Amino acid sequence: MDGALRREARALVRSARALVLELGEEGVDAIDRSLAARARAPVRAEAAPEAAALQPAAQPAEARYAVRSTLDGVRASLGECTRCRLCEGRTQIVFGDGNPEAELMFVGEGPGEQEDLRGLPFVGRAGELLTSMIEKGLGIERREVYICNIVKCRPPANRTPLSDEVAACRPFLEGQIDAVRPRVIVALGKPATSLLLGRDVAITKLRGTWHEYHGIPLMPTFHPAFVLRQYTPENRRLVWEDLKAALTRAREAGGRKPS
Ligand code: SF4
């Protein structure tokens, strides 16, 4: 090894040591290496946006991750993410909220203004409606479920996330699902349902019918923001029925959650 190479190698080792010390000081004691590797991989959406964003992962979570993910590990892998352009307008990353052992997991679209400011998903008007449906409708506390979005940074003017943004953030959603391993997933709205089912769906046709995400029962329903925009008794009844069906199925599953 010549002198220049040796100096470069020493510099790399020094940087790696500094990074490990920095992560330790921030309380990170483990990194999910499978997520880090997947997140470093090129985002195929650049070549074929729709197909790449919606393409279902090839294997179930248990086979895809040698070791079960943890929410802390997934969050550490995300870091101060700049993997897509949504990082440019965010106040902060909105990772997820709730019970890491939840039986019910809600997956929405992306943070809005309030979520971006507070760093928590579903805390604006749509979030208040969702919380009310969970607490008053289902009779369980919000902290008993887990709530997150398909993208963790606020899209400008609350637009729908673009397919390459969804593709860039997708490994972290998959990691969250692998960490929580809920008994039932409730997909809120078309973008979340399309991503989790791996195809473009019409939410008005699909809502209220059972599907699967890698063996986990999945119930698509309307996004609370849509219900707020079209606040009809009929829409409220439909979402209410979907949530009741999801809770019933989660409870029927009973016993131990998959580990
Ligand atoms: Fe990273 Fe996801 Fe935010 Fe894009 S939306 S910058 S992939 S955390």
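Computed from a prediction, not measured in an experiment: that's the story for all the values here.

Participant: Pulling in residues and values, what's your account of the overall build of the protein chain?
Facilitator: Within the protein chain, the regular secondary structure consists of twelve helices and six strands. For the protein chain, the residues scored as buried account for 47% of the 259 residues in total. Look at the contacts in the protein chain between residues 6 or more apart in sequence, and 74% of them connect residues 24 or more apart. Working note: accessible area of the protein chain is about 13,500 Å², and carbon and sulfur atoms make up 52% of it.

Participant: Kindly report on empty space enclosed by the protein, identifying the contributing residues and their values.
Facilitator: Any space left empty among the atoms is revealed by the rolling of a water-sized probe across them. Applying the stated rule across the entire model yields one cavity of 30 Å³ or more. By volume, the largest cavity amounts to about 110 Å³. If you go around the largest cavity, you meet 16 residues; those closest to its centre are Cys81, Cys84, Lys152, Cys153 and Cys169. Split into classes, the residues belonging to the lining of the largest cavity amount to eleven nonpolar, one polar and four charged.

Participant: Go over the layout of surface pockets, please, and point to the residues and values.
Facilitator: Taken as a whole, the largest pocket spans an internal volume of roughly 660 Å³. Forming the walls of the largest pocket are 28 residues, and the residues nearest its centre are Ala126, Asn158, His223, Ala225 and Arg229. Counting residues per element, the ones that place at least two in the lining of the largest pocket are helix 6 (113-118), helix 7 (125-137), helix 9 (190-197), helix 10 (203-206) and helix 11 (224-229). Broken down by element, the residue count for the lining of the largest pocket peaks at four residues, all from helix 11. Tallied by class, the residues present in the lining of the largest pocket amount to ten nonpolar, ten polar and eight charged.

Participant: Residue-level account of helix 5 (residues 71-78), with values.
Facilitator: The element helix 5 is largely enclosed, with a buried count of six among its eight residues. Glycine 79 sits one or two residues past helix 5 and shows a positive phi near 55°.

Participant: Tell me what's going on with the environment of serine 132, and back it up with residues and numbers.
Facilitator: The topology assignment puts serine 132 in helix 7. Of the residues examined, serine 132 reaches a relative accessible area of 29% and is grouped as partly exposed.

Participant: An account of unusual backbone geometry is needed here, citing residue identities and associated values.
Facilitator: Of note in this structure, asparagine 158 is not a glycine but carries a positive phi near 60°. Summarising the element assignment, asparagine 158 is placed in the loop between strand 3 (146-149) and helix 8 (163-180). A positive phi is found at arginine 181, a non-glycine position, where the angle reads about 45°. Along the chain, arginine 181 turns up in the loop between helix 8 and strand 4 (184-188).

Participant: Now, about the sheet that holds strand 1 (residues 97-98): what can you tell me, with residues and values included?
Facilitator: Ordered by their spatial adjacency, six strands build an open sheet running 1-3-2-4-6-5, and the pairing between neighbours is mixed. Looking at which strands have only one partner, the edges of the open sheet turn out to be strand 1 and strand 5 (211-213). Taken together, the four bridges between strand 2 (residues 104-108) and strand 4 define a ladder with parallel strand orientation. Opposite methionine 105, over in strand 4, you have isoleucine 185 as the bridge partner. Packing of helix 9 onto the sheet brings it into contact with strand 2, strand 4, strand 5 and strand 6 (216-221), and relative to strand 4 it is tilted by some 130°.

Participant: Can you break down the pairing of strand 3 residue by residue, with the values?
Facilitator: Burial of strand 3 is two-sided: the residues Tyr146 and Cys148 facing one way and the residues Ile147 and Asn149 facing the other way are all buried. Here strand 1 runs beside strand 3; their pairing, made up of two bridges, is antiparallel. Within strand 3, the position partnered with glycine 98 by the bridge is tyrosine 146. Bridge count between strand 2 and strand 3: four bridges; the pairing is parallel. Residue glycine 108 lies in a different strand from strand 3, and its bridge partner there is asparagine 149.

Participant: How would you summarise the confidence of the model for the protein chain if you had to cite specific residues and measurements?
Facilitator: In low-pLDDT segments, the atomic positions of the prediction should not be examined closely. Looking at the protein chain, the pLDDT average stands at 83 and 73% of residues meet or exceed 70. Note that pLDDT drops below 50 for residues 11-32; the model gives that stretch eleven contacts with residues more than four away or on any other chain. Low pLDDT (under 50) marks residues 39-52, which in the prediction has 14 contacts with non-local residues, meaning those over four places away or in another chain.

Participant: An account of the packing of aromatic side chains is requested, with residue identities and associated values reported.
Facilitator: Within this structure, the stated rule accounts for one aromatic pair. Taking 4.8 Å as the distance between ring centres and 45° as the angle between the ring planes, the aromatic pair formed by phenylalanine 222 and phenylalanine 226 counts as tilted. The exposure class assigned to phenylalanine 222 is buried, which follows from its relative accessible area of 5%. Between arginine 236 and the ring centre of tyrosine 231, over which it is positioned, the NZ or CZ distance is 4.0 Å. In this structure, arginine 249 packs its charged tip against the face of tryptophan 210, placed 4.5 Å from the ring centre.

What counts, and where the lines are drawn
Residues numbered from 1 in each chain as written. Predicted model: local features only at pLDDT ≥ 70, side-chain atom pairs only at ≥ 80, totals over all residues. Heavy atoms only, no water. Helix = DSSP H or I, 4+ residues; strand = E, 2+ residues; numbered from the N terminus. Buried < 20%, exposed > 50% of the residue type's maximum accessible area, 1.4 Å probe, protein only. Contact = heavy atoms within 4.5 Å. Areas by Shrake-Rupley, 256 points an atom, 1.4 Å probe, with all protein chains shown as cover. 1 Å grid on protein atoms, 1.4 Å probe; cavity = no way out; pocket = protein on both sides within 12 Å on 5 of 7 lines; lining within 4 Å. Points joined across faces, edges and corners; volume = space filled by probe spheres on them. Nonpolar A, V, L, I, M, F, W, Y, C, P; charged D, E, K, R; others polar. Pairing = 2+ DSSP bridges. Axes fitted to C-alpha atoms, helices over the stretch in contact; angles between N-to-C directions. pLDDT = per-residue confidence, 0-100. Phe/Tyr/Trp six-rings, centres within 6.5 Å; stacked < 30°, edge-to-face > 60°. Lys NZ or Arg CZ within 6 Å of the ring centre and 35° of its normal.

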